[in-house]
Structures are given as C-alpha cells and as structure tokens.
Amino acid sequence: MNEIDRTPRVVRWVLQLEESRALDAPVRTLEPKVRNIFGTGARGSVLRGDWLGHSLHPVLTDIALGTWTSASLLDLTGGDESSAAAQRLVGAGLLAAGPTAWSGWAEWSLAEPRAKRVGLVHAVTNGAAIGIYAASWVARRRGRHGTGVRLAVAGAALSTVGGYLGGHLAQGRKVGSRHAAFGEE
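Chemist: Just to check I follow, could you spell out the pattern of salt bridges for this structure?
Modeler: Note on pairing: side chains with opposite charge can pair once their charged atoms come close. Enumeration over the complete set of coordinates arrives at 6 salt bridges. The salt bridge partner of Glu 18 is Arg 173, with a shortest N-O separation of 2.6 Å. Taken together, the residues span a long stretch of sequence, with Glu 18 in helix α1 (residues 9–19) and Arg 173 in the segment after α7 (145–172) at a distance of 155 residues. Taking relative accessible area as the criterion, Arg 173 reaches 28% and is therefore assigned partly exposed. Linking Asp 24 and Arg 21 is a salt bridge whose minimum nitrogen-to-oxygen distance equals 4.0 Å. Judged by its relative accessible area of 57%, Arg 21 falls in the exposed class. One connected set of salt bridges, linked through shared partners, spans Arg 21, Asp 24 and Arg 117.

Chemist: Please explain the side chain of Glu 18 as it appears in this structure.
Modeler: Given the relative accessible area of 1%, Glu 18 is considered buried. A distance of 2.8 Å separates polar atoms of two side chains, one belonging to Glu 18 and the other to His 168. Residues contacting Glu 18, with those up to four places away along its chain left out, are Arg 114, Arg 117, Val 118, His 168 and Arg 173.

Chemist: Looking at this structure, how should I read a nonpolar patch on the surface?
Modeler: On the surface, Val 10, Trp 13, Val 161 and Tyr 164 cluster together into a nonpolar patch covering about 310 Å² of accessible area. Elements that contribute at least two residues to the nonpolar patch include exactly α1 and α7. By the element assignment, Val 10 lies in helix α1.

Calculation rules
Residues numbered from 1 in each chain as written. Predicted model: local features only at pLDDT ≥ 70, side-chain atom pairs only at ≥ 80, totals over all residues. Heavy atoms only, no water. Salt bridge = Lys/Arg side-chain N within 4 Å of Asp/Glu carboxyl O. Helix = DSSP H or I, 4+ residues; strand = E, 2+ residues; numbered from the N terminus. Buried < 20%, exposed > 50% of the residue type's maximum accessible area, 1.4 Å probe, protein only. Polar contact = N/O pair within 3.5 Å; in protein donor to acceptor, adjacent residues only side chain to side chain. Contact = heavy atoms within 4.5 Å. Patch = residues over 30% accessible without salt bridge, like charges linked within 9 Å, V, L, I, M, F, W, Y side chains within 5 Å. Areas by Shrake-Rupley, 256 points an atom, 1.4 Å probe, with all protein chains shown as cover.

Set out below in structure tokens:
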C-alpha cells in the first residue's frame, strides 16, 4: 500500500476539490466581483487583518462558531428556561457571520487557484450553514424551539464541514495574511 492509499478519505476529497476544474468557471465569475468588493484598497487591508499582523478571518470565525456552539450547549443542557438565551446566541452568531464572510472573501481574493477552488466550496458550505442557522433563529422566534434546535444541529454539522475546509486552507495551504515580521515558511 503506497502513501496515497493510506491517505484518509477526507484528505483525498479535499485534494480532489483542489484539482476540480469544474470549479474554475464559478471562481472566474466571482473573482473580479469579490476582489473589487472585498479585496482591494483600505477595505481589503482591514478585512484581511493587515492592521492586526495576521488574518482577521480565524478570529471572527471563533465568534460565530462559538456563539452557535454555546446555543447548542444551552439547548442540550439548559432546559426551557435557556431557550431565550439560546435564541440570542444564534442571533449573535448570525450578526458575526457577515464580517466573518467578508474577511474570508478578502483572503480568498489573494489565494492561488487550487485554494480558490476549496475556498469556494468552503464559502458555499458556510453560506448554507448560515441559512440553516437563520431558519433556526426564525423558528425559535416563532415559538418553535424544538424545530430551532434541530435546525441548529444541522447547521452545526454543515459548519463543521466548512470549518474543516477552512482549517485546510489556513493550516494545510497557509492561506491568510501575516506580517513580514512573522517570517515565511
């Protein structure tokens, strides 16, 4: 058995995404729009985290994912008296999702082609998760807490896939801004 045969299935899947030419057309369609809106000038610099010394995106992902995880913990352990707090946490995660996505698009605008392919799937997956969390918030707002909980679990599952892809981009492919003082690898 060679090295590739022992490679975990999820790693093989991500490598296939990196090489998927089918993603090139949507990437080419989005690239100029994303670059113009999120990737250039002072806006791009702020969104990438140049002022911070490294990428802003991972910092912001922790806010959205942290609030959603906290909501699920309240759902599972807090009882009925925690339902309002869980709804507020889902809402807070939704508020954080916009700036989180914008900072991700700013990084994506500078990435190389295979990272852009994976980044597109990362963005679509997380966009779907955001939609599911929004549906969870609406269900909770309408008094259907159980439906909101089930939707949040689905959102968590989907955002885990998106998070894995984001982790691959940040760790495996080193996509992300960093100050020159930190050196290159």
